[in-house]
Amino acid sequence: MRAVVIGSGVGGLLTASFLAKNGYEVTVLEKAPYIGGRCTNLNYKGFGLSTGAFHMIPHGEDGPLAYLLKLLNADVQIVNSNPKGMIFYEGRTFHYHEGWKYLSFMEKARALKLMADIKRGKLPQGEEAEMSGREWIRKRIGDNEFVDLFIKSFLGWADSVLDVPAIELAKEIKAALRWGGPGLVKGGCKSIPEALSMIIRMNGGRILTKKKAVEVDVEGKKVITADNEEFPYDILISNIGIKETVSLIGRDAFDRDYLKRVDELKPSEGIKYNIALKGGPRIGNTVVFTLDTERINGYNEPSSISPELAKEGYTLIMLHHALQSRNVKAEQKKGIDDIYRIFPDIDNEGEILLIQTYLDGNPVNRVASGQVVEDFPIENVYVVGDAYKLSGGIEVDGIALGVMRVLEKLGLGSFSEWYL
């Protein structure tokens with residue numbers, strides 16, 4: 001059986017690894033000169049930045065991505081964060097447990113009941129499921145500014161949006177309760193595509209870079225590249241997005257209702273700031289949710305467990321904010337103002353290395369969290385990646401859930417216990 005995989009992001013490489021290990025003749029086509037997509041390292045001024053992600057896995061070594069990597073025996077080490085998170089609020093940084101003091105006795109009781117309900121699967125339904133997630137929290141806990149700011153910060157950091165439907169937020173909370181907090185990848189993001197590419201090649205698969213797919217002939221079951229090479233397939237895996245896959249096949253192959261749903265999909269968009277600070281680790285292996293900033297939603301410190309990601313004598317901090325407007329210059333200025341609020345002595349202590357903006361053709365995610373288009377309607381064609389994250393799945397852990405669903409459809413495993 002021949003399997004062609006378009007795109008070498010985490011979703012494509014994960015799926016290709018399982019296919020190769022199960023006897024498929026695998027070919028991965030990647031238009032870039034490198035593999036990994038938004039999950040690899042970017043060498044810049046002696047620092048190991050990332051092409052997109054934060055060198056961090058949302059649920060660390062206990063989430064769905066880590067589980068799939070373990071099944072593959074991939075050589076990837078994920079170190080769980082400790083503490084799971086911290087909070088920057090009212091000018092100081094503290095352990096997330098201290099956040100409870102900003103809730104009244106009644107609000108705390110409601111919050112604990114809500115988490116207990118979510119843990120046992122009592123999730124919002126009907127109209128309540130589709131309402132604003134932040135409004136749902138206010139309805140269930142109370143109109144508490146600290147709680148709303150925390151949810152806003154969490155969503156901005158995790159999903160690159162500032163609100164999601166209640167059902168999506170509830171499932172993301174359920175995931176955090178079930179699988180725990182984040183973790184950093186030793187060596188940075190590139191450790192994942194490097195390990196997966198080794199598995200693919202060891203099992204006879206090919207990974208071809210600088211090979212851009214420009215057309216998919218579903219009748220002839222072949223992929224045609226920009227240099228007019230043809231790659232026949234029995235199974236086609238697309239890791240380039242739903243809209244992009246529809247475009248390769250041709251819109252005439254899809255019915256009007258499906259195209260309407262695809263056209264309505266919105267990406268999530270954001271800005272990442274990479275800064276260098278003199279000295280050793282500042283916060284360690286954790287994420288700081290920034291509540292009283294105007295734009296920045298959170299930050300982490302990847303070099304705390306991988307010193308090689310920073311130039312000698314420095315530590316690497318990555319901050320992020322979800323875009324609130326298309327005026328990128330104004331957004332960046334507000335983000336920089338926030339950086340000075342968090343690190344007031346940055347001019348003496350270090351520098352802003354690089355600002356990366358993700359939008360349009362290179363969004364943070366091709367499909368924002370909370371939007372899932374199930375079942376690609378063309379036979380033997382499957383979509384994986386950041387356009388197919390199952391509900392409740394955050395970033396690469398959401399991608400892993402989507403890969404699980406595709407593997408099930410191909411008869412390559414059963415993962416029902418992982419679905420939220």
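Coordinates for the structure precede this section.
Residues numbered from 1 in each chain as written. Predicted model: local features only at pLDDT ≥ 70, side-chain atom pairs only at ≥ 80, totals over all residues. Heavy atoms only, no water.

Before going further, it helps to examine the pattern of salt bridges. One pass over the full model with this rule turns up 24 salt bridges. With a shortest N-O distance of 3.4 Å, R2 and D234 are connected by a salt bridge. Pair noted here: R2 is in strand 1 (residues 2-6) and D234 is in the loop between strand 13 (230-232) and strand 14 (235-238), with a separation of 232 residues, a long-range link. Across the salt bridge formed by R138 and E135, the nearest N and O atoms sit 3.1 Å from each other. (Salt bridge = Lys/Arg side-chain N within 4 Å of Asp/Glu carboxyl O. Helix = DSSP H or I, 4+ residues; strand = E, 2+ residues; numbered from the N terminus.)

Attention now goes to the side chain of D234. In terms of polar contacts, D234 uses its side chain to reach the backbone amide nitrogen of R2, at 2.7 Å. For D234, the residues in contact, after removing those within four places along its chain, are M1, R2, K221 and N380. (Polar contact = N/O pair within 3.5 Å; in protein donor to acceptor, adjacent residues only side chain to side chain. Contact = heavy atoms within 4.5 Å.)

Before going further, it helps to spend a moment on helix 13 (residues 395-409). The end-to-end C-alpha distance of helix 13 is 22 Å, a good match for the 21 Å that 15 residues give at a rise of 1.5 Å each. For helix 13, the tally of buried residues reaches 12 of 15 residues, placing the bulk of the element in the interior. For helix 13, the set of buried residues is E395, V396, D397, G398, I399, A400, L401, G402, V403, M404, V406 and L407. The first or second residue beyond helix 13 is G411, which carries a positive phi of 75°. (Expected span 1.5 Å × (residues − 1). Buried < 20%, exposed > 50% of the residue type's maximum accessible area, 1.4 Å probe, protein only.)

With that settled, consider the nonpolar core. Judged by nonpolar contacts, the single largest core of 79 residues is most densely connected at V26, I192 and V223. Ignoring anything within four residues of it in the chain, the contact list for I192 reads V10, C39, I57, L65, L69, V76 and V185. By size, the runner-up hydrophobic cluster in this structure holds 44 residues, among which are Y89, V147, A276 and L291. (Core = buried A, V, L, I, M, F, W, Y, C linked by side-chain atoms within 4.5 Å.)

One open sheet accounts for seven strands, arranged 8-7-16-17-18-15-19; its pairing is mixed. Strand pairing shows two members of the sheet lacking a second neighbour, strand 8 (92-95) and strand 19 (350-358), which therefore form its edges. When strand polarity is set aside, the average angle formed by the axes of neighbouring strands in this sheet is 25°. Examined bridge by bridge, strand 7 (residues 86-89) and strand 8 share four bridges and lie antiparallel to one another. Following the sheet pairing, Y89 is matched in strand 8 by R92. Those strands touched by helix 11 (residues 328-342) are strand 7, strand 15 (270-278), strand 16 (287-290), strand 17 (298-300), strand 18 (314-322) and strand 19, and its axis lies near 35° from that of strand 15. (Pairing = 2+ DSSP bridges. Axes fitted to C-alpha atoms, helices over the stretch in contact; angles between N-to-C directions.)

This part covers the environment of V218. Considering the arrangement of structural elements, one finds V218 in the loop between strand 11 (213-217) and strand 12 (222-225). Classification of V218 by relative accessible area gives partly exposed; the value is 29%. Along the sequence, V218 and L114 sit 104 residues apart, while their C-alpha atoms lie 47 Å from each other. For V218, the residues in contact, after removing those within four places along its chain, are Y233, I249 and I378.

Moving on: helix 1 (residues 10-21). With 12 residues, helix 1 ought to run about 16 Å at 1.5 Å a step, and its terminal C-alpha atoms sit 16 Å apart, in line with that. Counting buried positions along helix 1 gives 11 out of 12 residues, so the element sits mostly inside the fold. Those residues of helix 1 lying buried are V10, G11, G12, L13, L14, T15, A16, S17, F18, L19 and A20. Just downstream of helix 1, G23 is the residue with a positive phi angle, here 90°.

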